[in-house]
Amino acid sequence: MSKNQPSPLSQKKQLRPVTKKNLVTYAIVIVFFALFQTLTVTGNLKFAYQSLLVPICTNVIMAVSLNLVVGVLGELSLGHAGFMCIGAYVGSFFSVVTEELIPVTWVRFTLAFALAAIAASIAGILIGIPVLRLKGDYLAIVTLAFGEIIKSLVNVLYIGKDSNGFHVSMSSSGLNLLEDGEVILKGPQGISNTPKDSTFLIGFILVMLSLFIVTNLMDSRTGRAIMSIRDNRIAAESVGINITKYKLLVFTISAAIAGCAGVLYSHNLSSLTANTNNFGYNMSIMVLVYVVLGGLGSIRGSVIAAAVLYALPELLRGLADYRMLIYSIILIVMMIVNNGAFFLKLRAKIAQSFRNSLQKKKNEKEAA
Amino acid sequence: MKFLSQLISGISLGSIYSLIALGYTMVYGIAKMLNFAHGDVIMIGAFVVYTACVTGGLSPVLGVLLAIVVCTILGVVIERLAYKPLRAAASLAVLITAIGVSYFLQNMALLVFGSDTKQFSSVVSLEPVSLANGNLVITGETIVTIVVSLIIMIALYLFVNRTKPGKAMLAVSEDKGAAQLMGINVNGMIALTFAIGSALAAIAGALLCSAYPALSPYTGAMPGIKAFVAAVFGGIGSIPGAMVGGILLGIIENLSKGYISSQLSDAIVFAVLILVLLLRPTGIMGKKINEKV
């Protein structure tokens, strides 16, 4: 047996680098969860900080889901908050309607997640259809348009329930409810009295689940096909990769995950409304900032960036005013340093000089 | 009469969209990038006019001229600092940078001017014209907007097609490498495009805030995105396309506000964009570009 080939025994014990990387990511999340859960249970965490835990999970899930589109597929989506919006509204609607029908919380909540994921992935397929024909800037602007359309639609929609069933209308008077009727979705006032089912534990389980789905997808044959589309679309197409299929797949999975994040979000609030900051353009950009700062295509980076960048301004109140200004500057600088011709050359130069010095040392060693 | 008045205010709004869309389409044509920050240059322009006229007491004409100067410099500086280093980079990187610039301008304005909405005083002092026994009233802002836009579009059309720098711009947008070999200063032409686009944005900002007198750091974002829709509608890269697309979009928006639902007008505008891109991705007047391997 030659030196380079490890023995079968050691090969069994050796984890693949990708698996190792993923395990580290899981470990970080688990440690984070264990730490803060213990602090909460023992009463050592201030209430103001406790209330940050579920939103952190929401943001982490959103970042992981967007990274699948931007980092892995290489297409920019500016309407990701739209999928979250659909999930939030479908989930809340379901929970409010069935609150008395299904008294067991976890059954109802699981069903709400499933339903929201299905609804959001249908939206993902719908947005996927224009995606098939577009790429780059056009795709980005269509996703943006799509997010805004969803936000406008939920703001004019009224849904009520009475003994005859559901009534849908564009105005509160158009519902024509019977005496026993009740309006569930009230246009711009949204849905109120959603049961507060979201807990840090459920958030943690969802984060782990979405991490598991995304990391395993990336490590599969499908994932490699998706990344080949990102790296060179024409080459990928020429070796027979069905671009349409994979793009649609990514948008669907990513939308379903974002929909679940929406359910987590809406069940953490007593009243749900849609505005620019939670489901509009601003939210989509915020998530994009997490993904870019965490590193495009790096799932672990997204998790850490989302958690830190969400919590930081909440912890440092004085920073809140300057938060977006600082983030925007970081966004620009990161892009220029990572992609600008000057910095790429500089980096190559540094790498070359490093390599040269290594070679020199090696030569000296050999000479000695 | 309602239809006619909706139509006229639609054309007026559409002319503003056209002015903004011209900036988008020229930059897209020459630098092949979507300048997301264009909408926020409009907002900066409007704030300059506001500061100069309301706070500083300058005359409206001087205020608008000052805004044009400030925005032109701003456009060139943005191009030089943020976009020029990324000229050869992937479009995703450029797009994210542009979003960063857009957010930077918004938050800068937020810190400097505050988040409260300011009452913009109109730069137009023309009396409204009353037609058909007072059934149809056309405001001075509408008339000035349409006339100014028309003059600018004709001037721009002549500049691009008849003058040497204009033709050089066309050449650069056609083929950068060949243009450089012919002795055209490509970087200079790109800077010139940003300068013209930003100057138009300043005028658009003054006109927009005269017609809809509420000014906040977020004023520019939505018209900016809609103007991009207009540019795509008309065929991105095409100057006449941006004019036609802008006016059509303004009419569609105002008619849907008047006859369908004012809350849904934005959704309708965006639905138009998705439909256009699905049915005719090159827009009304765009050229089809074949992909080379």
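Computed from a predicted model, the values in this text were never measured in an experiment. (Residues numbered from 1 in each chain as written. Chains lettered and ligands numbered in written order. Predicted model: local features only at pLDDT ≥ 70, side-chain atom pairs only at ≥ 80, totals over all residues. Heavy atoms only, no water.)

Caption draft 1: Local environment of the overall build of chain A. What chain A contains, in helices and strands, is 15 helices and five strands. A separation threshold of at least 6 residues defines the contact pool for chain A, and within that pool the share at least 24 residues apart is 72%. Within the structure as shown, chain A displays about 18,200 Å² of accessible surface, and the carbon and sulfur contribution to it stands at 63%. Between the averaged position of the 31 positive side-chain charges in chain A and that of its 17 negative side-chain charges there is a distance of 19 Å. (Helix = DSSP H or I, 4+ residues; strand = E, 2+ residues; numbered from the N terminus. Contact = heavy atoms within 4.5 Å. Areas by Shrake-Rupley, 256 points an atom, 1.4 Å probe, with all protein chains shown as cover. Lys, Arg positive; Asp, Glu negative; His and termini not counted. Charge placed at Lys NZ, Arg CZ, Asp CG, Glu CD.)

Caption draft 2: Region of the structure containing the pairing of strand S2 (residues 165-169) of chain A. Residue and element names in this part refer to chain A. Strand direction decides the pairing type here: strand S1 (residues 158-162) and S2, joined by five bridges, are antiparallel. Bridge pairing links Tyr158 to Ser169 in S2. Between the end of S1 and the start of S2, which pair antiparallel, lie two residues. (Pairing = 2+ DSSP bridges.)

Caption draft 3: Local environment of the confidence of the model for chain A. Of all residues in chain A, 95% attain a pLDDT of 70 or more, and the chain-wide mean is 85. Mean pLDDT across the elements of chain A ranges from a minimum in helix H1 (residues 8-13) of chain A, with 55, to a maximum in helix H7 (residues 200-218) of chain A, with 93. (pLDDT = per-residue confidence, 0-100.)

Caption draft 4: Molecular detail of the interface of chain A and chain B. Counting from both sides, the interface comprises 43 residues of chain A and, opposite them, 43 residues of chain B. In total, chain A and chain B occlude about 3,800 Å² of area from one another, counting both sides; carbon and sulfur atoms represent 79% of this. Among the residues chain A hides against chain B, the three largest losses belong to Asp137, Tyr138 and Ile141 of chain A. Together they make up 17% of the total. Connecting chain A to chain B are two residue pairs in polar contact (both at pLDDT 80 or more). Elements with a minimum of two residues in the side of chain A that touches chain B: helix H5 (105-133), helix H6 (137-156), helix H9 (233-238), helix H12 (281-294) and helix H14 (323-339) of chain A. Among the elements that line the side of chain A that touches chain B, the one with the most residues is H6 of chain A, at 13 residues. (Buried area = accessible area lost by both parts, 1.4 Å probe. Polar contact = N/O pair within 3.5 Å; in protein donor to acceptor, adjacent residues only side chain to side chain.)

Caption draft 5: Summary view of the environment of His38 of chain B. Residue and element names in this part refer to chain B. With respect to the helices and strands, the residue His38 is situated in helix H2 (residues 38-55). For His38, a relative accessible area of 2% corresponds to the buried category. Every residue in contact with His38, bar those within four places of it in the chain, is listed here: Ile20, Gly23, Tyr24, Gly197, Ser198 and Ala201. (Buried < 20%, exposed > 50% of the residue type's maximum accessible area, 1.4 Å probe, protein only.)

Caption draft 6: Here's a closer look at the pattern of salt bridges. For the structure on display, the rule yields 11 salt bridges over all chains. With a closest N to O distance of 3.1 Å, Asp219 of chain A and Arg16 of chain A form a salt bridge. Remark: Arg16 of chain A occurs in the loop between H1 and helix H2 (17-41) and Asp219 of chain A occurs in the loop between H7 and helix H8 (221-231); sequence separation between them is 203 residues. Relative accessible area serves as the criterion here: at 22%, Asp219 of chain A is assigned to the partly exposed category. Its relative accessible area of 44% is what places Arg16 of chain A among the partly exposed residues. A single salt-bridge network, built from bridges that share partners, covers Lys226, Glu253, Lys257 and Asp266 of chain B. (Salt bridge = Lys/Arg side-chain N within 4 Å of Asp/Glu carboxyl O.)

Caption draft 7: Layout of empty space enclosed by the protein. In the structure shown here, the tally under the stated rule is two cavities of 30 Å³ or more. In this structure, the largest cavity encloses a volume near 80 Å³. Lining of the largest cavity is provided by 14 residues; of these, Tyr281 of chain A together with Tyr24, Phe36, Ala221 and Ile225 of chain B occupy positions nearest its centre. Breaking the lining of the largest cavity down by element, the ones donating at least two residues are H2, helix H4 (91-113) and helix H9 (221-234) of chain B. Counting residues per element, the lining of the largest cavity draws most heavily on H9 of chain B, which supplies four residues. Along the lines of polarity and charge, the residues of the lining of the largest cavity split into eight nonpolar, five polar and one charged. As a volume, the second largest cavity reaches approximately 30 Å³. Around the second largest cavity, the lining residues are Asn35, Ala37, His38, Val41, Gly75, Ile78, Tyr83, Phe194 and Ser198 of chain B. Among the elements of the structure, H2, helix H3 (60-83) and helix H8 (186-211) of chain B are those that each provide at least two residues to the lining of the second largest cavity. (1 Å grid on protein atoms, 1.4 Å probe; cavity = no way out; pocket = protein on both sides within 12 Å on 5 of 7 lines; lining within 4 Å. Points joined across faces, edges and corners; volume = space filled by probe spheres on them. Nonpolar A, V, L, I, M, F, W, Y, C, P; charged D, E, K, R; others polar.)

Caption draft 8: Geometry of the side chain of His80 of chain A. Residues and elements named next belong to chain A. Within the secondary structure layout, His80 lies in helix H4 (residues 80-98). By relative accessible area, His80 is classed as buried at 1%. Here the side chain of His80 touches Ser254 through a polar contact of 3.1 Å, side chain to side chain. Not counting residues up to four positions away in its chain, the partners in contact with His80 are Met62, Ser65, Leu66, Val69, Ser254, Ala258 and Ser284.

Caption draft 9: The nonpolar core, seen in detail. Judged by nonpolar contacts, the single largest core of 205 residues is most densely connected at Leu76, Leu78, Tyr89 and Leu288 of chain A together with Phe36 and Tyr83 of chain B. Top element by residues in this core is helix H3 (residues 47-73) of chain A. It accounts for 16 residues. Mapped onto the domain boundaries, this core takes at least three residues apiece from domain 1 (16-320) and domain 2 (322-368) of chain A. Discounting residues that sit within four places of it in the chain, Tyr89 of chain A has contacts with Val154, Leu185, Gly190, Ile191, Leu272, Thr273, Ala274 and Phe279 of chain A. (Core = buried A, V, L, I, M, F, W, Y, C linked by side-chain atoms within 4.5 Å. Domains from an automatic or database assignment.)

Caption draft 10: The packing of H3 of chain B against H8 of chain B, seen in detail. All names here are of chain B. For the pair H3 and H8, interaxial distance at closest approach is 7 Å and the crossing angle is 140°. Considered as vectors, H3 and H8 are oriented oblique to each other. The two elements H3 and H8 meet at a crossing, and its hand is right-handed. From H3, Val64, Ala67, Ile68, Cys71, Thr72, Gly75, Val76, Glu79 and Tyr83 reach across to H8, where they touch Ile190, Ala191, Phe194, Ala195, Ser198, Ala199, Ala202, Ile203 and Ala206. Residue composition of the contact of H3 with H8, by class: 14 nonpolar, three polar and one charged. (Axes fitted to C-alpha atoms, helices over the stretch in contact; angles between N-to-C directions. Parallel < 35°, antiparallel > 145°, perpendicular 65-115°, else oblique. Left-handed = near helix turned anticlockwise from the far one by under 90°.)

Caption draft 11: The domain arrangement of chain A, seen in detail. All names here are of chain A. As far as domains go, chain A holds domain 1 (16-320) and domain 2 (322-368). Placing the centre of domain 1 and that of domain 2 at their C-alpha centroids yields a distance of 35 Å. Both sides of the domain 1 and domain 2 interface together cover about 960 Å² of buried area, and 76% of this is carbon and sulfur. Three residues, Met286, Val292 and Leu293, lead the burial of domain 1 against domain 2; their summed loss comes to 41% of the area buried on that side. Summed over the shared surface of domain 1 and domain 2, the number is zero salt bridges. Taken together, the elements giving at least two residues each to the side of domain 1 that touches domain 2 come down to H12 and helix H13 (299-315). The biggest single contributor to the side of domain 1 that touches domain 2 is H12, with four residues. The residue inventory of the side of domain 1 that touches domain 2, partitioned by class, reads eight nonpolar, one polar and no charged.

Caption draft 12: Representation of the state of the cysteines. The tally for this structure, following the rule as stated, stands at zero disulfides over all chains. As a non-bridged cysteine, Cys57 of chain A has Cys260 of chain A as the owner of its nearest cysteine sulfur, 13 Å distant. (Disulfide = S-S within 2.5 Å.)

Caption draft 13: Main features of the environment of Thr42 of chain A. Residues and elements named next belong to chain A. Within the fold, Thr42 resides in the loop between H2 and H3. Put simply, Thr42 and Asn282 are 240 residues apart on the chain and 36 Å apart in space, counted from C-alpha to C-alpha. A polar side-chain atom of Thr42 sits 3.2 Å from the main-chain carbonyl oxygen of Leu39.

Caption draft 14: How the structure looks around the packing of aromatic side chains. Enumeration over the complete set of coordinates arrives at 14 aromatic pairs over all chains. Each ring, one from Phe33 of chain A and one from Phe204 of chain A, has its centre 4.0 Å from the other, and the planes form 10°; the classification is stacked. Within this pair, whereas Phe33 of chain A is found in helix H2, its partner Phe204 of chain A is found in helix H7, the two being separated by 171 residues in sequence. Taken individually, Phe33 of chain A and Phe204 of chain A each receive the classification buried, so the pair is uniform in this respect. Centre to centre, the rings of Tyr281 of chain A and Phe36 of chain B are 6.3 Å apart; their planes meet at 10°, and the pair counts as stacked. In this pair, Tyr281 of chain A sits in helix H12 while Phe36 of chain B sits in the loop between helix H1 (2-31) and H2, so the two residues belong to two different chains. The exposure classification of Tyr281 of chain A matches that of Phe36 of chain B, with both residues buried. (Phe/Tyr/Trp six-rings, centres within 6.5 Å; stacked < 30°, edge-to-face > 60°.)

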